Amino acid sequence: MIELPVRPELVGEVPYGAPQLDVPVCLNVNENPYPPSEAVIAEMAAAVSRAARSMNRYPERDALALRNDLAHYLGHGLTADRIWAANGSNEVMLHVLQAFAGPDRSVLSFAPTYSMYPEYARNTHSRWITFPRRDDFTIDPEAAVAAVREQRPDVVLITSPNNPTGTAVGLETIIAICEAALGVVVVDEAYYEFARTGTPSALELLPQFPRLAVSRTMSKAFAFAGGRLGYLAATPEFVDALRIVRLPYHLSSITQAVARVALAHAGEMLAAVDQLRSARDDLARWLVDHGLEVADSDANFVLFGRFVDRHVVWQALLDQGVLIRETGPDGWLRVSAGTPDEMSAFKAALLDVLARREDDHE
Ligand SMILES: Cc1ncc(COP(=O)(O)O)c(C=O)c1O
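All chains use their own residue numbering, which begins from 1 and follows the written sequence. pLDDT decides what is reported in this predicted model: residues at 70 or higher carry local features, side-chain atom pairs at 80 or more are listed and counted, and totals for whole chains, interfaces and linings draw on all residues regardless. For side-chain calculations, the full set of non-hydrogen atoms in the structure is used, while hydrogens and water are omitted.

**Q** Summarise helix α8 (residues 253–264); cite the residues concerned and give the values.
**A** Secondary structure is summarised from DSSP: a helix means a run of H or I of at least four residues, a strand means a run of E of at least two, and numbering begins at the N terminus for each. The span one expects for a helix is its residue count, reduced by one, times 1.5 Å. In this model α8 runs 17 Å from its N-terminal to its C-terminal C-alpha over 12 residues, within 8% of the 16 Å that 1.5 Å per residue would give. Three exposure classes are used, based on accessible area relative to the maximum for each residue type with a 1.4 Å probe and protein chains only: buried under 20%, partly exposed in between, and exposed over 50%. For α8, the tally of buried residues reaches 9 of 12 residues, placing the bulk of the element in the interior. When we look at burial in α8, the residues that qualify are Ser-253, Thr-255, Gln-256, Ala-257, Val-258, Ala-259, Val-261, Ala-262 and Leu-263. Contacts made by the buried residues of α8 are with α1 (38–52), α2 (64–74) and α9 (266–269). Should any heavy atoms of two residues lie within 4.5 Å, those residues are counted as being in contact.

**Q** I'd like a rundown of empty space enclosed by the protein, residues and numbers included.
**A** Grid points spaced at 1 Å over the protein atoms alone were grouped into cavities, where a 1.4 Å probe fits but cannot get out, and pockets, open sets with protein on both sides within 12 Å along at least five of seven lines, with lining residues defined by an atom within 4 Å of a point. Grid points are joined across faces, edges and corners, and a volume is the space filled by probe spheres set on the points. In the structure shown here, the tally under the stated rule is 1 cavity of 30 Å³ or more. The calculated volume of the largest cavity comes to roughly 40 Å³. Three categories are distinguished: nonpolar for Ala, Val, Leu, Ile, Met, Phe, Trp, Tyr, Cys and Pro, charged for Asp, Glu, Lys and Arg, and polar for the others, with Gly belonging to the last. Along the lines of polarity and charge, the residues of the lining of the largest cavity split into 6 nonpolar, 3 polar and 1 charged.

**Q** Break down the layout of surface pockets for me, with residues and values.
**A** In this structure, the largest pocket occupies an estimated 760 Å³ of space. The wall of the largest pocket is formed by 36 residues, among which Tyr-16, Val-29, Asn-90, Tyr-114 and Lys-220 lie closest to the centre. Counting residues per element, the ones that place at least two in the lining of the largest pocket are α3 (88–100) and α4 (117–123). Top element by residues in the lining of the largest pocket is α3. It accounts for 3 residues. Classifying every residue of the lining of the largest pocket gives 15 nonpolar, 15 polar and 6 charged.

**Q** Give me the lowdown on the pairing of strand β6 (residues 184–188), citing residues and values where you can.
**A** Of all 5 residues in β6, 5 are buried; the element is thus mostly enclosed. Neither face of β6 is open: one carries Val-184, Val-186 and Asp-188, the other Val-185 and Val-187, and all of them are buried. Strands qualify as paired when DSSP identifies two bridges or more between them. Two elements, strand β5 (residues 155–159) and β6, share 5 bridges in a ladder whose sense is parallel. Across the sheet, Thr-159 pairs through a bridge with Asp-188, a residue of β6. Seen with its strands pointing away from the viewer, a crossover is right-handed when the path leading from the first strand over the helix to the second is clockwise. Crossover β5 to β6 through helix α6 (residues 171–180) is right-handed.

**Q** Can you break down α6 residue by residue, with the values?
**A** When we look at burial in α6, the residues that qualify are Leu-171, Thr-173, Ile-174, Ile-177, Cys-178 and Ala-180. Buried-residue contacts for α6 involve β3 (106–111), α5 (141–151), β5, β6 and β7 (212–217).

**Q** Can you tell me about the site of the ligand, naming the residues and giving the values?
**A** In this text, near means that some heavy atom of the residue lies within 4 Å of the molecule or strand in question. Close to the ligand lie 13 residues; Ser-89, Asp-188, Tyr-191, Thr-217 and Ser-219 are nearest. In isolation the ligand offers 390 Å² of accessible surface; the protein chains occlude 92% of this area. Just a note on the criterion: a molecule sits in a pocket or cavity if more than half of its atoms are within 2 Å of the grid points. Given that more than half its atoms are within 2 Å of the pocket grid, the ligand belongs to the largest pocket. Looking at which element gives the most residues to the shell around the ligand, the answer is α3, with 3 residues. Looking at the shell around the ligand residue by residue, the class counts come to 3 nonpolar, 7 polar and 3 charged. The Shrake-Rupley method, run with a 1.4 Å probe sphere, supplies the accessible areas, and residue values consider only the shown protein chains as cover.

**Q** Describe unusual backbone geometry, naming the residues involved and giving the relevant values.
**A** Following Ser-160, the chain continues to Pro-161 via a peptide bond in cis, the omega torsion being -5°. As for its placement among the helices and strands, Pro-161 is situated in the loop between β5 and α6. Going from Gly-305 to Arg-306, the amide bond is cis rather than trans, its omega being -10°. Its identity is not glycine, yet Ala-63 carries a phi of approximately 45°, on the positive side. Tracing the chain through its elements places Ala-63 in the loop between α1 and α2.

**Q** So, the sheet that holds strand β12 (residues 333–336): which residues are in play, and what are the values?
**A** Spatially, β9-β10-β12 is the arrangement adopted by the 3 strands of the open sheet, whose pairing is antiparallel. Bordering the open sheet on either side are β9 (293–294) and β12, each of which pairs with just one other strand. Looking at chain direction, β9 and strand β10 (residues 301–305) are connected through 2 bridges and run antiparallel. Each residue of the ladder has a partner; that of Val-294, found in β10, is Phe-304. In this analysis an axis means a line fitted to C-alpha atoms, helices contributing only their contacting stretch, and an angle means the value between N-to-C directions, from 0 to 180 degrees. Strands in contact with helix α10 (residues 273–289) are β9, β10 and β12; relative to β10, the strand with the most contacts, it is inclined by about 10°.

**Q** An account of the side chain of Asn-32 is needed here, citing residue identities and associated values.
**A** Its location among the elements puts Asn-32 in the loop between β1 (25–26) and α1. Under the relative-accessibility criterion, Asn-32 is labelled buried at 10%. Side-chain polar atoms of Asn-32 contact the backbone oxygen of Ala-221, separated by 3.0 Å. Aside from chain neighbours lying at most four places away, what touches Asn-32 is Lys-220, Ala-221, Ala-223, Met-269, Ala-272 and Leu-276. Identification of polar contacts relies on pairs of N or O atoms within 3.5 Å, with a donor-acceptor requirement for protein atoms, meaning one able to donate a hydrogen and the other able to accept it, and with residues adjacent in sequence counted only if both atoms are side-chain atoms.

Here you go:
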């Protein structure tokens, strides 16, 4: 192996990513399992064809038409100048850290949480700080405020509903953190559309807190993971700060065109959300009925356990063609809500594993 002079903190690191395996049942990355209809596929193809006619030109750099559509979708009186968009909310979050964190600055979040955040922190040379959630994965507002006052992070990331636990965070907790924070606060609502009816969005708080941003993605409920489109709502000044750090022409004309088609068919793209919420609730009940511990979920997945050796369980499911995710605190596994057939396959495989490993769950 040639030794390359990579940054010391990258030595020995491996690229992030869930295994992409060719198996019959993929329940590992919280996708919406339902593809677009033939009619929407045809419109997407036509939009790509139109965009291809000017493929010799750079795309619209500020993606204003798309940002306008996203503002319209979110409502809350938002306008294009208050929306930012990038290739997945992963890139949006990287822009946030590039603009507001960095050397001698810090980012705080509440563990266990999304495993990419520490990588964004590492890649932007920011200090990564975690504060523990309670045993039930909720955030203790008083302890969180004390941690924010003590650590004075430049960026606070609150994930609601949280990945990998599914836990939604109440607005009172977000308000308390916003009031205590000296830096910016980002509420990552990647899974918001799956939250139980009546769960308020942090979008409601934007008029009150100029340093608050709310990020969303089209990868989950919107059934658009392959399109790579994440977005964020904040003040125009916050968005302007993100525009400074983005790469020029970061959103391809194809991405913009296809995302606009998806947004024009928002009702249809989101049609399976209710079904997936029911699948999640049924799955959670089924896991409890089978003696497992389940974290309360407002997302399209369920964290369950606890296993003495979760890897053995993960592997045994995979051996039966069911891929789930080995993530979260030790002893827990995460499974996405899928189609009825996928849920049956998962349950049958897990029953088999549990029967064979009667002694393995605590
Ligand atoms: C909490 C959370 N935020 C952000 C993302 C990133 O999503 P994307 O980059 O596909 O928009 C994910 C993906 O799993 C997630 O779980």
